[in-house]
Each structure stands twice: as structure tokens, then as C-alpha cells.
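A look at the structure
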Amino acid sequence: MGEVLALVEARLRTALGEPDARAAVTFLGTDRIEVLRFTDADQGVVRYATLGMSAAPMADPTAALADPVEGPRAELVLTVRAGLADTDKALRPLAVLAASPQVEGVVVAPGASLDVGEPLWPGAPFTSVLVAESGGLVEDLDLDAPMDPVRFLPLLPMTQNEAAWKRVHGAAELQEKWLNGGTDLRDPLRRSVALD
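None of the values given here were measured: they were computed from a predicted structure. (Residues numbered from 1 in each chain as written. Predicted model: local features only at pLDDT ≥ 70, side-chain atom pairs only at ≥ 80, totals over all residues. Heavy atoms only, no water.)

**Quick word on the overall build of the protein**
Along its length, the protein carries 4 helices and 7 strands. Going from the N terminus to the C terminus, the protein shows its helices and strands as α-β-β-β-β-α-β-β-β-α-α. The C-alpha atoms of the protein give 16 Å as radius of gyration, which agrees with the globular expectation for 196 residues (16 Å, within 12%). Counting only C-alpha atoms, the protein reaches 45 × 40 × 30 Å along its principal axes. Considering only contacts within the protein whose residues lie at least 6 apart along the sequence, 58% involve residues at least 24 apart. Carbon and sulfur atoms make up 51% of the accessible area of the protein, which amounts to about 9,800 Å² in all. When the 17 basic and 29 acidic side-chain charges of the protein are each reduced to a single mean position, those positions are 6 Å apart. (Helix = DSSP H or I, 4+ residues; strand = E, 2+ residues; numbered from the N terminus. Rg over C-alpha atoms; globule rule 2.2 N^0.38 Å. Contact = heavy atoms within 4.5 Å. Areas by Shrake-Rupley, 256 points an atom, 1.4 Å probe, with all protein chains shown as cover. Lys, Arg positive; Asp, Glu negative; His and termini not counted. Charge placed at Lys NZ, Arg CZ, Asp CG, Glu CD.)

Here's what the structure looks like:
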């Protein structure tokens, strides 16, 4: 487990630079989840990446026994514009989402919605996120067979209206709405896209 997380942290550092802060959260009956903060002053953004979710593969909740080696592995990455909101308070909600495979037996995959039931940070119009495809910002990390690679899944904050609309129409349709509406998904204070 420790070896996997060391490789994951090295991949994050290679892609995002040195973290300027980190916090650890432990939930009853789960392994420790860390959240690392990376500030990109050139782009005016801050990125938060989980570390610990990929220590064990995510198990199908219908399986009788969880496979300790094979199965999908992932970490979560959230990117927001710096200085517009107190987004550092997102550390605990991100750790909650990263612990959900251990706590609730969910398999986090692209297209999924994850909801923390409270604003992601103080004053945020978002309580949920859409899980996007990996491979963009941080490349997937191949592990020794038979282990699955670690995928770094971007999180796109959704307003309540967007989350409700996505449940009916699907992730691809919502992403198309965002694209057509010129939505700045990194804006921590943005309003909902027009959903007519």
C-alpha cells in the first residue's frame, strides 16, 4: 500500500509541482486520506489532489469478497481559480469523497456524480461534483501486473440544478451544455449554466 502511494505522490509532483500544503483526514474504519494543495501562480489556479484512495482497489459493492489486488484505482483532482473563495475548506469534503469507496463500497468512475450533502467550501453553490475522464492533467499511473493503473479523475463542481439535470440527461449532455455556454468550470463562484 505504501509503495503505491509513494508512486502516486511522485506522479502528482511530476505533473503539478511541489505541494504547498497537505492535510490528512481519517474516518472511522478507513485508511488515512491526505489532500495535497498545489498552487499554480502562472495560471492563477489552485489544485487539490487526494492521496490514499488508490491504496486499495475499489470493489464492486455486489461482490461477496473484495479483491485486494485487482480492480480500479483512482485519486481525485479539483482545480479552482485562486483567491476568489475559501476553497481550502474543500479539503474535508474531498477526503470524504475519496473515502467513499471504503465507506460506502462505491466504484468512482467517469460520468458519476458524487455528493457531499453540504457546500464544498463556505458559500459555494456546489454540493456535488461530476467525475470527468482521466489522462489530461495527470497521466494514468501504470502499476505492476495484475494491479490496475491509478487514474487521476478530475472533479467538476455542479450546482443543484445541474446535478438534477445530469441525473435525467446524463453526464455527456451536461458537459455539452457547459461547453456551449462557455462555462468557466474553475470559477468557485459561478452560477448554474442555462438548462432550457
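This is not the end of the story, as more comes after the structure.
**Notes on the sheet that holds strand S2 (residues 33-40)**
Pairing in this open sheet of 7 strands is mixed, and the strands run S1-S2-S3-S4-S7-S6-S5 from one edge to the other. The open sheet has two edge strands, strand S1 (21-25) and strand S5 (113-115), and neither has a second partner. Taking each pair of neighbouring strands and ignoring which way they run, the sheet shows an average axis angle of 30°. For S2 and strand S3 (residues 45-51), the ladder comprises 7 bridges, and the chain directions are antiparallel. Bridge pairing in S3 places Glu 34 opposite Leu 51. Where helix H1 (residues 2-16) meets the sheet, it contacts S1, S2, S3, strand S4 (73-81) and strand S7 (150-159), and its direction lies at approximately 170° from that of S3. Each of S1, S2, S3, S4, S5, strand S6 (126-131) and S7 touches helix H2 (residues 91-104); the most contacted strand, S2, lies at about 135° to it. (Pairing = 2+ DSSP bridges. Axes fitted to C-alpha atoms, helices over the stretch in contact; angles between N-to-C directions.)

**Some thoughts on helix H3 (residues 160-169)**
All of the buried residues in H3 are Glu 162, Ala 163, Trp 165 and Lys 166. The buried residues of H3 all sit within an arc of 165° when viewed along its axis, so they share a single face. Of the exposed residues in H3, those oriented more than 90 degrees away from the buried face are Gln 160, Asn 161, Arg 167 and Val 168. Residues of H3 that are buried in the fold lie against S5, S6, S7 and helix H4 (171-180). (Buried < 20%, exposed > 50% of the residue type's maximum accessible area, 1.4 Å probe, protein only. Arc of directions from axis to C-beta.)

**Description of the environment of Thr 127**
Within the secondary structure, Thr 127 sits in strand S6. According to the relative accessible area criterion, Thr 127 is buried, its value standing at 15%. In this structure Thr 127 touches Leu 114, Asp 115, Val 116, Gly 117, Glu 118, Pro 119, Leu 120, Met 158 and Gln 160, once residues within four positions along its chain are discounted.

**Overview of the pairing of S6**
By the criterion of burial, S6 is predominantly enclosed, with 6 of the 6 residues buried. Where S5 and S6 come together, 3 bridges link them in antiparallel fashion. Across the sheet, the residue bridging to Asp 115 is Ser 128, located in S6. In this sheet, S7 lies alongside S6 in antiparallel orientation, the contact comprising 5 bridges. In the strand pairing of S7, Leu 130 is matched with Leu 156.

**Regarding the side chain of Ser 100**
Along the chain, Ser 100 falls in helix H2. Look past the residues within four positions of Ser 100 in its chain and what remains in contact with it is Gly 105, Val 106 and Val 108.

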